[in-house]
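Structural overview
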Amino acid sequence: MARLLNYKVLTKSKGQSKGQTQQVFIYLIAIIALGAVILFGYKAIHSLLSKGCAAEKAEFKASLEEMLENYNSFGSLHIETLKAPCSVTEICFVSAEVIGKNALPSTAPALIRDNTEAGVRFNIYLLTNNVVEPLTFSDYVKAPGNYTCIPAVGGVFKIKFEGLGAYTLVSR
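These lines cover the structure that appears in this document, whether it is placed above or below. (Residues numbered from 1 in each chain as written. Predicted model: local features only at pLDDT ≥ 70, side-chain atom pairs only at ≥ 80, totals over all residues. Heavy atoms only, no water.)

On to the state of the cysteines. Taken as a whole and judged by the stated rule, the model has two disulfides. Across the disulfide from cysteine 53 sits cysteine 86; the S-S distance is 1.8 Å. Between cysteine 53 and cysteine 86, the disulfide has an S-S torsion of 130° and is therefore right-handed. Of the two residues, cysteine 53 sits in helix 1 (residues 2–70) while cysteine 86 sits in the loop between strand 1 (77–83) and strand 2 (90–94), which places them 33 residues apart along the sequence. Taking relative accessible area as the criterion, cysteine 53 reaches 23% and is therefore assigned partly exposed. (Disulfide = S-S within 2.5 Å. Helix = DSSP H or I, 4+ residues; strand = E, 2+ residues; numbered from the N terminus. Buried < 20%, exposed > 50% of the residue type's maximum accessible area, 1.4 Å probe, protein only.)

So, in structure tokens, the structure goes:
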């Protein structure tokens with residue numbers, strides 16, 4: 001009788017062990033599946049945000065280029081407010097006529113100075129946390145002192161466009 005009880009106890013504990021092992025595998029699979037969902041979800045959200053940022057910059061660039069072209073009539077004066085794309089903190093302008101010349105002050109960011117001196121065809125730059133990103137080139141840009149930066153205040157740029165005929169003077 002004692003042997004029979006020991007056998008039943010042993011077989012019962014083996015059955016519980018098998019059930020517990022299956023439960024561990026179920027939890028592991030659930031954790032792996034949850035991790036995969038979180039990883040792919042993060043990648044999808046990050047992709048959407050970066051595409052949204054690129055779209056904002058493209059829209060900003062198109063609006064700015066249109067203003068530079070349309071506001072160059074001699075004597076015209078326009079003050080425009082543009083929403084800063086993404087987390088841009090400043091926009092910098094270099095006069096188109098100084099591309100390829102050593103004409104910028106030493107206070108200008110190194111990338112802007114180097115690009116200007118090397119003749120790289122960019123004269124509008126976006127600054128985000130001291131990172132300089134070339135935006136576009138416009139033949140119409142004229143900046144006071146050949147170079148000016150305008151900070152975003154409250155997420156918007158307030159830019160003054162003065163028509164000079166062939167150029168548009170861009171300032172604060």
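The next thing to look at is the pattern of salt bridges. Overall, the coordinates contain five salt bridges when judged by the stated rule. For lysine 57, the salt bridge goes to glutamate 133, with nearest N and O atoms at 2.6 Å. On the criterion of sequence distance, the pair formed by lysine 57 in helix 1 and glutamate 133 in strand 4 (residues 131–136) is long-range, its members being 76 residues apart. The class for glutamate 133 is partly exposed, based on a relative accessible area of 29%. Between aspartate 139 and arginine 121 there is a salt bridge, with the nearest N and O atoms lying 3.8 Å from each other. With a gap of 18 residues between them, aspartate 139 in the loop between strand 4 and strand 5 (141–142) and arginine 121 in the loop between helix 2 (110–118) and strand 3 (124–128) connect regions that are remote in the sequence. Judged by relative accessible area, arginine 121 falls into the exposed class, the value being 51%. (Salt bridge = Lys/Arg side-chain N within 4 Å of Asp/Glu carboxyl O.)

Once that is clear, we can look at the sheet that holds strand 5. With mixed pairing, the four strands of this open sheet are ordered in space as 1-7-8-5. Each of the sheet's edge strands pairs with one partner strand only, and the pair in question is strand 1 and strand 5. With four bridges joining them, strand 7 (residues 156–163) and strand 8 (residues 168–171) adopt antiparallel strand pairing. The partner of phenylalanine 161 across the bridge, within strand 8, is valine 170. (Pairing = 2+ DSSP bridges.)

What follows deals with the environment of phenylalanine 60. Mapping phenylalanine 60 onto the fold places it in helix 1. On a C-alpha basis, the gap between phenylalanine 60 and lysine 83 in space is 7.7 Å, while along the polypeptide they are 23 residues apart. If sequence neighbours within four positions are ignored, phenylalanine 60 has contacts with Leu82, Lys83, Pro85, Ile91, Leu126, Leu135 and Phe157. (Contact = heavy atoms within 4.5 Å.)

This part takes up the environment of serine 138. When you line up the elements, serine 138 lands in the loop between strand 4 and strand 5. The exposure class of serine 138 is buried, given its relative accessible area of 6%.

Another point: the packing of aromatic side chains. In total, this model carries two aromatic pairs according to the counting rule given. Between phenylalanine 60 and phenylalanine 157 the ring centres are 5.8 Å apart and the planes differ by 50°, which places this aromatic pair in the tilted class. Taken together, the residues phenylalanine 60 in helix 1 and phenylalanine 157 in strand 7 connect sequence positions 97 residues apart. Taking NZ or CZ as reference, arginine 121 lies 3.8 Å from the ring centre of phenylalanine 137, over its face. (Phe/Tyr/Trp six-rings, centres within 6.5 Å; stacked < 30°, edge-to-face > 60°. Lys NZ or Arg CZ within 6 Å of the ring centre and 35° of its normal.)

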